[in-house]
Amino acid sequence: MTPPKKLIEVAMPIKEISAESVRDKSIRHGHISTLHLWWARRPLPVCRAVVFASLVPDPLDENCPQAFRDAVEMLLGNQAEQIDYYAPYKDIPWTSVYDPMEDNLRNRLQLFIGKFTDEMQQHLLYHKPKPAAGKQIADSSLIKWDNKNNEKIINKARKLIWVAHNSKENTGATANDLLASFDDHYKAIKDAEKALYRLPDRHIETEQVLQATANLQRAIDAFLDKMPRVFDPFAGGGAIPLEAARLGCRSYGNDINPVAHIIQKGSLEFPQKYGKPISYSKTEFIKLYGQDTWDKLSGSQLVYQNGEAIGAKIDNRLSFDVAFYARKLLSEAEKEIGHYYPADTKGGKPIAYYWARVGTCSNPSCKAEVPLLKGFYLANTQTKQVYLHPVINGKQIDFEVRHGKCDLDGWNNRGNLKCPFCGSITDVKQIKQQNINGGLGERLLAIIVDGQHGKEYRLPTLSEIASAAIIPTVERPTEKMQRNSAGGDTFSWGVTEWGQMFSPRQLLALQTLVQKLQEIKAALQPDKDDYAKAVVTYLGILLDRVILSNTSFGRWHNGRETLEHPFAKQAIPMIFDYPESNMFCNSTGSAYNQLEWLTRYIESESNFPFASKMQNASSGEKNQFAEKYLTAVVTDPPYYDAIAYADLSDFFYVWLKRTLGDVYPLNFATPQTPKTEECTALKHHHSNSKDRAKAHFEDKLTQIFDAIEHQTSDIVSIMFAHQSTAAWTTLCNSILGARMNITGSWAMDTEMANRSLGLAGAALESSVTVSCKPSQREGFGSYREVKRAIEQTVAIEVEMLYKLGFRGADLLTACFGKAVSEFGKYQRVEKADGSEVSVAELLEMAREAAFNALLKGFDGDDVTKFYIGWLQLFGFAESDFDDAAKFSRVGLSINVDELFRQHILIKNGNKQTLGTYEERIMASKSLGDKAGGNLIDLVHRAMMMYKGSDRQALLRYINERASQPDGNFWRVLTSLCEVLPQGSDDYKQASGLLANKDSLIRESKTVQQPAVEQTRLFE
């Protein structure tokens, strides 16, 4: 029997996923990103949606099991609950015409993944105020952040996956049979959890505790044995395996990087295994934690008998223990070095110390020592301005803290020092040499403290200056940085070792924490106990968080008044002024504040019992899994040299090796992170050869995909954060080279920035997700046959997706996947001359086919057709000059020169862009004045008039050119609104004009024509 297509191969609610993914970037408390920094994590809504859609079939597929269709109806149908949460949109909200969404099981499944709230629909349909980020996606949606621990919603997804997975083998089973089986297995887990977690003092491994633990594991295994096996070969920060496990799958992941592996242990394994309730007898609790901790327990944590507290109930054992031992660690460290962070006269502890590096004026007669400040603001918010005002006496610079606007220019411009004494310029080369020769000086300029109304700023006291000047020398890590990646520009400043990124007091603090952690490890013995290993791992992660806010390459963000880590640009720039956190205070940036992020995450992800199995290894080994053992692979591979993961993560590795190297000896056996086998294309890891680096990346990617094809029985879904032709070429070649074929592709926004329409750029904020399946490829295909097949396939795809509201680049990306699926049926596609068709040429075929399909249903002149079609494909982005000639030949009668003459396209060297309405009217003042002109000209003229102030002139124009509400003018305007970039002025004017259509037509009927002044022939 032919297996049904998965939902991800057919349709995805990409608008809703994109909206919640943008929100995901701003969520903090309990989010996986807050446990430990990692680069380019995929948003959780995308991961959850892609995993789910990869595991359930399309209910409208003729081969979809009836049991699954019935389960969708039972769980998501209009009779499932009192309120019909998953009813399709009455009018698809992001299109500009009335588009009712058909009520079918496929659409209900899509809207279960994500559905816009009524408020968001009103915003999209009628330009009502946009709701806050948390109010855009309906509470019934699977992808909503707030539902990650909502058992009712998550269990709907688990049940649908269960039915889909088990109906393949149990072909005669009904939906009721399979759902009952799910309930039995899930209840067995819940019952086993209750039996184990109600045992007092279960930390003592009695026979009863061991038996209850084994029973729980058997129940979990029995459940997982009936769920899909999902693997991420590039697990990185762990977002994909986390969501696969949340959905009840047996979740696996690999990553070659030891830092990533430690993050994965802390995010994907330990909370799910150990973050559970525990009860202690009073005696055992005091033995473990001491009388002081017992005395601090709240009433809700105590167990009473006859009015006397006889025990303690801890909601989350792991969170409690991590907090207990972390506070012990910090307390012991403060006892030893706390006097180097003196309190003020009232006992208050500073939040941070604001430092600046000091350069020396190169003027031989001056030689003044000048803080390398680019500006003087300490706080520069909408409601608060505080700055350091320099006071210059002779060769001495002092400062005053002042409030209000600062008009002074800084003394540091791109590393060049302008001396405030003599006015001489010491260029950046000389300043760099000063740092190389002996290091730039450093000066403590200000103290940041907590006040009654937020942060306050003052000058340092003599005691604070003295404390920072008498720091004892401690070991400085000497591991080397990598030039031009993690190092950024620091090498030219002489900063080539990781230990150089810390000031003396920061190093003292970090080394003291390392020492105190060794003492805690000696007591806990993590080498003998897996639970103790988990607790100690979090202490190592805590130190990593402390390191981020205790480096002399951190930044003080005066607009937000916050400490920022050095990795804003995925490389490390030279920093001239920095905040030094007081890790013993209780405010932002302190070690206690960092601890809160850890415990919040543990508590946030302890609600389900399914831990992921992670391996610190490079993927690509076929024998890691048996043939076709995996159900699905969902992954987000690296892209060429976009991010130097290994280089950057050495910042953490050198400290993790000191804190956890003995706990994970195999993972930290190498001096630094493995680099040559990493699946990236960094030339400095390959004899400085760009070609060798590129070949390594492509070979490694193909090798890993080849192993995946061998190991996977069903589908492979790949998230790729680039949409350039080069990226598609690499992705397609690797997939096709591994005997797989692309079956679907979707564009999704994942960042807060607006994505440019069209696929001319390779912006990281827009990712593409492709679905693939193992494929038997035939011999040779002819260019003509494949081109015809692509045209037919894409035409069908355009018609189907257009009804679902797909427009512009979203529609084009989906067409790319279908085009590749035709191309990938053959081992090689040849032209008439025997030359091979490239992936780049394939994508051109897809564009042409999509262009043709889009224009078939559009009435209007050829110039207007071209404008709308081009806008769909490229937006206002630059494109190659040859593209105009190609697309003008696609079913249109247009001369390319005419397109430039009419400013439809505007030349820019050997590139061109589509003309905006303003650019076209600026170039041709009479555009749209002539009756019978191109529709796009008329619309652009009306848009310009709408923006202007002469409403009477606009009404007359509407009366003359667009008086019929169903006329071509308004249809063109509607098409424009569907594909214009929403942040553009073109969209603003077009959508405003369309929103006021009825009133404009009505008023235009009564507008007076301007009076024509009569004159005499002879005067």
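Residues numbered from 1 in each chain as written. Predicted model: local features only at pLDDT ≥ 70, side-chain atom pairs only at ≥ 80, totals over all residues. Heavy atoms only, no water.

### Topic: the sheet that holds strand E11 (residues 412-413)
The three strands are arranged E11-E12-E13 in an open sheet whose pairing can be described as antiparallel. Where the open sheet ends on each side, the last strands, each with one partner, are E11 and strand E13 (425-426). Of the pairings in the sheet, the one linking strand E12 (residues 416-418) to E13 comprises two bridges and is antiparallel in character. Within E13, the position partnered with Lys418 by the bridge is Ile425. (Pairing = 2+ DSSP bridges. Helix = DSSP H or I, 4+ residues; strand = E, 2+ residues; numbered from the N terminus.)

### Quick notes on the domain arrangement of the chain
Under the domain assignment used here, the chain contains domain 1 (7-273 + 606-643 + 680-752 + 764-775), domain 2 (337-603), domain 3 (778-856) and domain 4 (862-1009). Here the C-alpha centre of domain 4 lies 54 Å away from the C-alpha centre of domain 2. (Domains from an automatic or database assignment.)

### A closer look at the packing of aromatic side chains
With the rule as written, the count across this model stands at 51 aromatic pairs. Ring centres of Trp498 and Phe651 lie 6.0 Å apart, and the angle between their planes is 70 degrees; this geometry places the pair in the edge-to-face category. Of this pair, Trp498 sits in the loop between helix H15 (462-469) and helix H16 (504-524) while Phe651 is found in helix H19 (residues 645-660), placing the two residues 153 residues apart along the sequence. In this structure, Trp498 and Phe651 share a single accessibility class: buried. Members of the aromatic cluster, joined through ring pairs, are Trp38, Trp39, Trp498, Phe502, Phe567, Tyr645, Phe651, Phe652 and Trp655. Across the ring face of Tyr531, the terminal group of Arg317 is positioned such that the distance to the ring centre comes to 3.7 Å. (Phe/Tyr/Trp six-rings, centres within 6.5 Å; stacked < 30°, edge-to-face > 60°. Buried < 20%, exposed > 50% of the residue type's maximum accessible area, 1.4 Å probe, protein only. Lys NZ or Arg CZ within 6 Å of the ring centre and 35° of its normal.)

### Remarks on the environment of Tyr664
Within the secondary structure, Tyr664 is located in the loop between H19 and helix H20 (690-711). Given a relative accessible area of 3%, Tyr664 falls into the buried group. In this structure the C-alpha to C-alpha distance between Tyr664 and Ile17, which are 647 residues apart in sequence, comes to 38 Å. Not counting residues up to four positions away in its chain, the partners in contact with Tyr664 are Ile262, Lys265, Phe270, Lys533 and Thr537. Side chain to side chain, Tyr664 and Thr537 meet in a polar contact 2.6 Å long. (Contact = heavy atoms within 4.5 Å. Polar contact = N/O pair within 3.5 Å; in protein donor to acceptor, adjacent residues only side chain to side chain.)

### A closer look at the pattern of salt bridges
This model, assessed by the stated rule, comprises 61 salt bridges. The residue Glu151 makes a salt bridge to Lys190 at a minimum N-O spacing of 3.3 Å. Here Glu151, found in helix H6 (residues 151-166), pairs with Lys190, found in helix H7 (residues 175-197); they are 39 residues apart in sequence, far enough to count as distant. Under the relative-accessibility criterion, Glu151 is labelled partly exposed at 38%. Residue classification places Lys190 among the partly exposed residues on the basis of a relative accessible area of 28%. A salt bridge links Lys335 to Glu332; the shortest N-O distance between them is 3.1 Å. One end of the pair, Lys335, and the other, Glu332, are both in helix H13 (residues 317-337), three residues apart, so they sit about a helical turn from each other. The exposed category is assigned to Lys335, whose relative accessible area is 61%. Salt bridges sharing partners connect three or more residues here, namely Arg48, Lys148, Glu243, Arg246 and Glu605. (Salt bridge = Lys/Arg side-chain N within 4 Å of Asp/Glu carboxyl O.)

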